[in-house]
Structures are given as C-alpha cells and as structure tokens.
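Residue strings, one per chain:
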Amino acid sequence: MSTEDRPVAPRSLAEALRARGDAALAALLRSRPDLITPVPADLTQLATRAGTRASVVRALERLDRFTLQTAEALAVAADPATYDELLALMAGDAADPAVVAALPRAVHVLREQALVWGGDDRLRLVRTARELLAPSPQHPSPTGLGPTVREATAGMSPGRIQEIVTTAGLPSTHDSVSAVTALTGLFGDRERMAALLAKAPADSLEVLERLVWGPPYGHVTADPAPRLRWLLDRGLLLPTAPGTVVLPREVALHLRRGLAHRTPEPVPPVVEAAAAHRPQVVDSTAAGQAYTALATVEELLKDWDEGGPAVLRAGGLSVRDLKRTAVALDVPEPVAAFWVELAYAAGLIASDGEADERFAATPAYDEWREQPPAERWSRLVTAWLAATRTAGLAGGRDAKDRTLSALGPGLDRSAAPEVRHRVLALLAALPEGAAPDPESVLARLRWERPLRGARPEDDLRGRLARWTLSEAELLGVTGRGALSAHGRALLGAPPAPAKGPVPEPSGPGDKLPVHHHRTAPLTPLSFPEQAVASAAAARLLAPLLPEPLDHVLLQADLTAVAPGPLERPLADMLGVLADVESKGGATVYRFTPGSVRRALDAGQTASDLHAFLAAHSRTPVPQPLSYLIDDVARRHGQLRVGAASAYVRCDDDAMLGEILADKRAAGLGLRRLAPTVLAARADPAGLLEGLRAMGFAPAAESAEGDVLITRALARRTPPRSAPEPVPDGPPVPDDTLLAAALRAIRAGDLASTTPRKPGTAPAADGALPRTDSAETLATMQAAVLTGEALWIGYVNAEGTASQRVIAPIRVEGGFVTAYDHTADEVRTYPLHRITGVAELADDAG
C-alpha cells in the first residue's frame, strides 16, 4: 500500500468519531445516552462532551471488571501505547491465554464507548479517563503502581541523578534527561534488572516485595537503614517528599513479571447452582407463594379500607404504624415494609391529600380486586420489576442521618430495576429447577459492575441483589430459590436450558451472542414488551392457582373453615359475619355476638343469615350457630339511638330503667324524658358504643325513626397514579431518536467542517460567519445566479445558533429559499436571522 493510500491516523477523538459509520456512532450513543441530551451540534461537540468528567465517570462505572482493568492498564502505559504494550501489561510475561483471548473484546468496548481512540499502533485513553485512573499520591491507581522514573525524578537534582546512574552500574551522562532515559531502560530490561537484583541483600528484596503490589509508597527516616540505602542509591526506591519514598513503576512491573494487575479477571465468575428441584415442584411452590402474595396485599388493603395510618409530617409511615401493620399481617417489619411499598408502587394505596392526611386505598384497588388472580399477580410483579423505590432501605438512615420511612421520601434507587432484571436473568440462564448460590450471583454482579474506590458496605448493587432474591420468593417469581416457568416468561425469556453454566459474555456491555437464545434479555424490557411478557406469565400461572371455592365447612364450635380461597361475594359476606381467627392453607372464621351484630347492622336479617349459611356450607348448620344468630337478632334493635344530642327509645320501659340504674351508664349523661325515651349528653356514636359495652344491642335510627343500615366503610383516595420510577440517567434512545440525532450531528458536522475560501473563515473555530445585511443579500443573489453553495450562520426563533451549508434558489421578500445540504431538504430562511455568509472553497464537495 502506498503512502497516499494508507488511511491517515486520527489526530483527535473528534476525527476518530468522524471516521465512524452510522452504526458505530449509534452504538456509542446507545451505550452512553447522556451524550445526546441534548443532541450535540456536531461531532466536535460530541467528542468534547464524551470527554467531560461526569460523562467519563458514568461510562467507567458501567464497564465490567476486565474492561475496567484494561482501561486502568492503559492509564499506566505510555501515551499513546501499542496493542502489544497493552497486552504485555494485561497478560504479563506468561501471556495468560485467557487474557489474550479476552483483550480484543475489552479494547473494542472501550473504543465503542469513546473511552479509547486510535489504531492498534497508537491506542489513546481519553484525557479525562487517564486523569481519573492514572496513579497519583492523592489517588492511588487500582493497579497499585506508582509514578514512572521520569515522573519520580522530576524534582531531583542533576547531581543526585548522576550518582544513582553510576551506582546502578550505568555510565554517567552529560544531562539529566539522558540519565533518566538510561535508568528507565535498565529497569525495563529483564536480564539486566535480574542481574542487578541478584546482588541485592535479602532484606532489601523483602522491602521491594512489600511494595510491589501497592501501595507503592513507604516512609524512611533521615538516616535510612542499610537495606533501604542500598535501594535508594540505585534508584530502586526514589524519594518523593521528605521521609517518603516510592517504588518506580518500571521496577514494580519487572517484579510483577510485567503484570499491571495482580489478578486479571478476563472471565466472569460462573453462577453456580446450590440446589436442584423438579420443575413441577418449583412451579407449584412459586404458585403457592403467588397466591399468598395476593392474599397478603388484600389483607393489607382490607386493614386500611376504612382509612389507613396517618402520614408523617415528613412523609411516610411512622415506626408504630409499621409495627402495627406487621402484626396485622403476621410478618416481620421489613417484610411488611415490602408489601406496603409494593401496593404503593402498583397504585393500590396512596395519600388521600386531606388536611388530616392518611393513607388509604385508591379507586384502582377496587378494579384490581375484580380481576382474575393471575392478572392481579401480574400487575403486582410488573410494578415490582419497574419500581425504583426500595423497601429494604426502610428503617435505615439517609445522608443527613434521618430515618428512612416506608412510603416516605428517600427510598428511590435508580439502579433497582436494572439489578432486579439482571439477577432474574442470571437465574434464567441456569438449568431448569436450579436454585443459585447467592454468593455466586453477587460475585457475578460485582464483576459486571465493580466497585471503584467504594467500601464493601457501600455495595448498593449487592444489597439490591439480595433483596431481589428474597422478594422474588415472596412474590412467587421463584420457588425454592429457582426461577419458575411464569417467572421466566415475565422476563421475556424462552424455556430454560436443560443443563450447563451461565454463558460467558462475548460482546460490549456483557451482551450474549445471538445464538444464545436460552437466556433472558440482559436489559429491562420496554413497556410494550413487558406488557406482552406479563400477560404470558399470567397465562402460565393461572392453571397453577387454586380455584375459588363457593362453600365453607361449619363446625359446632362456632367456627367455619374455608379449605381454600373463596369466591369474592362469599369472602366479603363471611368477612362481615365472622372474624378471621387463623390463616394458612385453610382460613378459620369465628362467629361471635359482635360479628353477627355487625352483619345485622349492615342490613341483613336473621332469615337472610340462616339462608346464607345453609346455601354455602357443605355441613349442616350447627344448632349453636343458629341459636347465636337468633339470640342476637332478637335483641338487636330493641333499643333505638337517635340525635338529640342523642336519645334512646325503647318500648320496654323496664329496660330503660335498668340502663339508668347501671353505674356504667354514668358517663353517658342519661335522663328520662318519657317512659320509653332517654336523652343523653353523649353523641349517637358514643352512645351506641357505650350501650354495646354494657351488653345491649342497640340500633341507630334516622330522623324519621327508620333503622339506619351501617355498611363497612370503604374509604378511597381521589384517583391517584402509581409513583413514577426515578430514571438512572437519560433513557436509552430508541431507533427513531437515534436516526434523527445522527442526521442532526452529521448535518452540523458538515456545516462546521466544509472548507471555506481564504479570508472568509471566522476568526475563531466554531464561530458563526459575520457579514452585514447588504453583503449577505448581495452574496445570496450572486449564488442564485451561479448555483454555488454557501456557508451561513443562522439563529432560529428560540435563539439557537447553528451553521448550515445551503444552495440558494430564490431571494425575495426578505427570505431566501435554498436547498439545505445539512438537512437534505429545501427550506426558507428569513434574511434577518442569518448572521453572515461565506463562500465555500472550490473543492468543498
């Protein structure tokens, strides 16, 4: 290939991006969506944005461990470095085959994400990434390497440098630069370094061994020990500050056999199976958990049906209310917080917004209750997958040491949906019925997103993963730790593999090859895709859920046993007529005078209750239960309470006399108005409760004297939407947005890089051309006659400035109609919005 035909190496990241095709640019924008928020004007601006600290930090945090190790190795390599130099740092003298095989992928990822640019002969890490990853006394490198000989000797006197060179066995030089070069060459030569270290005292070698893997800094006294003096005299340790020495990078690399990292990790840890179960057992167990989840959420909402706990001034549930909810649900407090947050994420509960603000069910809860069980489960788990609110944080402390409350602010973690989906995707890659070892799942996640400079206790992704495993079991997505068939469908995953470990990543961002159809998608599904997957999961779950029953078993001890889930009308009526005594596989209801009176207050009659029990019991109605109903019904309504403040009336004046004589009635402020009427200072509700506490069965009546029917209150909030997840940065652009962004960037780049005639270019790169209105009009009119293209600056109605290349067609009425090369269409521009015009060079095309 001739010199003219050889492609020119890019001189900057912008030039490297300019040489990319649309597919490669789209891959960059998809992996780093912050780069098109907003869309950059041209590729130069895109390159500048890709090099900003915030964007580079975000990109580095999304690299897997080996790719990040590759970037860290480039940060301690020469700038630029060749691929072979990088390979030597990653694979070492032994040329680890696994590293050799994995390095091309890592370099490809770094190039694709614009963290590295240049060919294999001149690999350059973007400057901001080098600043973040290169060693410094303030920010040690993850490699544990220190500064180079040249960096460490920058402030050293020339005489001292010559002394070190001479003591190391090298000939003296005429200047410090050549002396440092000679010393660097010695430390980088394996044979000569081995010969030098062979002469070192054993205790001097021990010092080097302590520093070789980092940190490379040590402390010395003003009069170093002989073992340190031997190293200092030969430059194997170099002073960086009074009392501080450092192991030069070249020496450390020799001692490490060329490795930049002590343990390169080219292959992700395998997710191991801790146990294996029959798929049928997994699915049935998960279905049982799914039914329990539905029952628990219903019980929670039923408990809050008449108005839930008050909202704290700072928002959320109080510790006391969370404890009360946990007792009502018979679960630990962290689990109660999860169920409360799940109902909130699904839009089933919210704050009512009143002055005395309380939590209550939303109108959506009533719609949800009427759906089939599998669809109700699907709605819950879909909300769980997408929710950024993290129940596991409840009870902890925020950055200002304030308690984080369930349903309160501060529980959103934008990484939660991605971590949940990733954990379930790892489970989906295991053989069918296999339950993973949780520690191997965490190890895999740490490899995919390593902690950069964070403490292990700050591993939010690890905690999110643990919570995901337990929450998936509570919801019935998994059974006995293994992903169920309906859980797999929820992810949009195909049937499980028969056997084998989790496949290794083979592309950027841990994307599996196309032929690995056995695993779930590695990123959360879009809203339409998730809706389809959730519907498929509901269809798989529906046959596994128990069918609702239309009967109960009445027993002589005033209890009824529901051997399974009950049909909705039966469950609602039984919930009024009896109290739940115990739950589990079968629910036990107990009939009491208070529960029977509750049913009578709701408008039922004794005959209605007898008929209801006879129709829905598989056993004869026990005589004690019939007697209980008749006895309560006979006494129900004998006393009538109305508003005076309140009054009591009864046809039996002896009963009223009994009430007046009872000491427990003293607080009600009763006095007789007539033989059959008592007046009271208490309000009607208080009077009703007081008389019931005395053992009577009063009924409330209206102003017209009719018995008031009291039904269970169902307090609802106004219509409320479910909380919106907090996004983890800008969303990944779809294909339509990517295509539009690429067109805009290419158009802006064309306008900014098109050659102009000499003397017409702006004074500063990127500045708009400036001409007065007369010159602009004359140049436009001339271009119409000659058909030449022009370069213009244009400011739109929103005040946004841009550069454009146009071919004027017509100029009239203060407007120019032209073919816009940057937009690839004919447009009309007001002349007063054109800042200036310049002619293009003859070879601009």
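None of the values given here were measured: they were computed from a predicted structure.

### Considering the packing of aromatic side chains
Aromatic ring pairs: the centre-centre distance and the angle between the two ring planes describe each pair.
Then step 1. Counting across every chain of the model gives 4 aromatic pairs.
Then step 2. Note on Y794 and Y829: the rings are 4.8 Å apart at their centroids and 70° apart in plane angle, and the pair reads as edge-to-face. One end of the pair, Y794, is in strand β21 (residues 790-795); the other, Y829, is in strand β24 (residues 825-830), and 35 residues separate them in sequence. For the residue pair Y794 and Y829, the accessibility class agrees, reading buried in each case.
Then step 3. One residue, R376, lies across the ring of W368, its end atom 5.4 Å from the ring centre.

### Some details on the confidence of the model for the protein
Then step 1. This prediction gives the protein a mean pLDDT of 85; 90% of its residues lie at or above 70.
Then step 2. Per-residue pLDDT stays below 50 along residues 1-5; that stretch engages in 2 contacts with residues further than four places along the chain or on separate chains.
Then step 3. Of the regions scoring below 50 in pLDDT, residues 498-518 engages in 51 contacts with residues more than four places distant in sequence or in other chains.

### Comments concerning the pattern of salt bridges
Then step 1. Throughout the structure, instances matching the rule amount to 37 salt bridges.
Then step 2. Of the charged contacts in the structure, one is a salt bridge between E581 and R590, with a shortest N-O distance of 2.4 Å.
Then step 3. For E581, a relative accessible area of 44% gives the class partly exposed.
Then step 4. Between D662 and R664 there is a salt bridge, with its nearest N and O atoms 2.9 Å apart.
Then step 5. Among the ionic contacts, a cluster of salt bridges with common partners joins R160, E163, R229 and D233.

### Overview of helix α26 (residues 568-577)
Then step 1. The complete set of buried residues in α26 reads L570, M573, L574, G575 and L577.
Then step 2. Its buried side turned inward, α26 meets α16 (279-303), β15 (587-590), α27 (593-601) and α28 (606-616).

### Quick look at the sheet that holds β24
Then step 1. Taken together, 5 strands build an open sheet; the order of strands is β24-β23-β22-β21-β25 and the sheet is antiparallel. Each having just a single partner strand, β24 and β25 (834-839) make up the two edges of the open sheet. In this sheet, neighbouring strand axes are inclined to one another by 45° on average, regardless of whether the strands run parallel or antiparallel.
Then step 2. When strand β23 (residues 815-820) meets β24, the two strands line up antiparallel, connected through 6 bridges. Paired with T817 across the two strands is T828, which belongs to β24.
Then step 3. The strands touched by helix α33 (residues 773-786) are β21, β22 (801-812), β23 and β25; relative to β22, the strand with the most contacts, the crossing angle is about 60°.

### Brief notes about the packing of α27 against helix α29 (residues 623-635)
Then step 1. The N-to-C vectors of α27 and α29 enclose an angle of 60°; their axes lie 10 Å apart at closest approach. Between α27 and α29, the crossing angle belongs to the class labelled oblique. Handedness of the crossing formed by α27 with α29: right-handed. Only L628, I629, V632 and A633 of α29 make contact with α27, whose side of the interface consists of P593, V596, R597 and L600.
Then step 2. Of the residues assigned to the contact of α27 with α29, the class counts are 7 nonpolar, no polar and 1 charged.

### Comments concerning the sheet that holds strand β12 (residues 553-555)
Then step 1. Taken in spatial order, the 4 strands line up as β12-β13-β15-β14 in an open sheet, and their pairing is antiparallel. Only two strands of the sheet have a single neighbouring strand rather than two, namely β12 and β14 (579-582). Across the sheet, the mean angle from the axis of one strand to that of its neighbour is 30°, orientation sign disregarded.
Then step 2. Looking at chain direction, β12 and strand β13 (residues 559-562) are connected through 3 bridges and run antiparallel. Considered in β13, the bridge of Q555 is made with T559.

### Re the side chain of T296
Then step 1. Locating T296 in the fold gives a position in helix α16.
Then step 2. Judged by relative accessible area, T296 falls into the buried class, the value being 11%.
Then step 3. In this structure the side chain of T296 is engaged in a polar contact, spanning 2.7 Å, whose partner is the backbone oxygen of T292.
Then step 4. Among all residues touching T296, those that are not within four sequence positions of it are L329 and W339.

### Side note on the nonpolar core
Then step 1. Membership of the largest hydrophobic core comes to 92 residues, with the highest contact counts inside it found for L17, F187, L236 and L237.
Then step 2. Beyond its immediate stretch of four places on either side in the chain, L17 contacts L25, L28, L43, L46, A47 and A114.
Then step 3. L300, A374, L442 and A538 belong to the second largest nonpolar core, which has 72 residues in total.

### Here's the deal with the pairing of strand β19 (residues 677-680)
Then step 1. Relative to β19, strand β17 (residues 646-649) is paired through 4 bridges, and the arrangement is antiparallel. Note on β19: the bridge partner recorded for R649 is V677.
Then step 2. Pairing geometry for strand β18 (residues 671-674) and β19, over 3 bridges, is antiparallel. Along β19, the bridge assignment pairs R672 with L678.
Then step 3. Counted between consecutive antiparallel strands, the loop separating β18 from β19 contains 2 residues.

About the criteria used
- Residues numbered from 1 in each chain as written.
- Predicted model: local features only at pLDDT ≥ 70, side-chain atom pairs only at ≥ 80, totals over all residues.
- Heavy atoms only, no water.
- Phe/Tyr/Trp six-rings, centres within 6.5 Å; stacked < 30°, edge-to-face > 60°.
- Helix = DSSP H or I, 4+ residues; strand = E, 2+ residues; numbered from the N terminus.
- Buried < 20%, exposed > 50% of the residue type's maximum accessible area, 1.4 Å probe, protein only.
- Lys NZ or Arg CZ within 6 Å of the ring centre and 35° of its normal.
- pLDDT = per-residue confidence, 0-100.
- Contact = heavy atoms within 4.5 Å.
- Salt bridge = Lys/Arg side-chain N within 4 Å of Asp/Glu carboxyl O.
- Pairing = 2+ DSSP bridges.
- Axes fitted to C-alpha atoms, helices over the stretch in contact; angles between N-to-C directions.
- Parallel < 35°, antiparallel > 145°, perpendicular 65-115°, else oblique.
- Left-handed = near helix turned anticlockwise from the far one by under 90°.
- Nonpolar A, V, L, I, M, F, W, Y, C, P; charged D, E, K, R; others polar.
- Polar contact = N/O pair within 3.5 Å; in protein donor to acceptor, adjacent residues only side chain to side chain.
- Core = buried A, V, L, I, M, F, W, Y, C linked by side-chain atoms within 4.5 Å.

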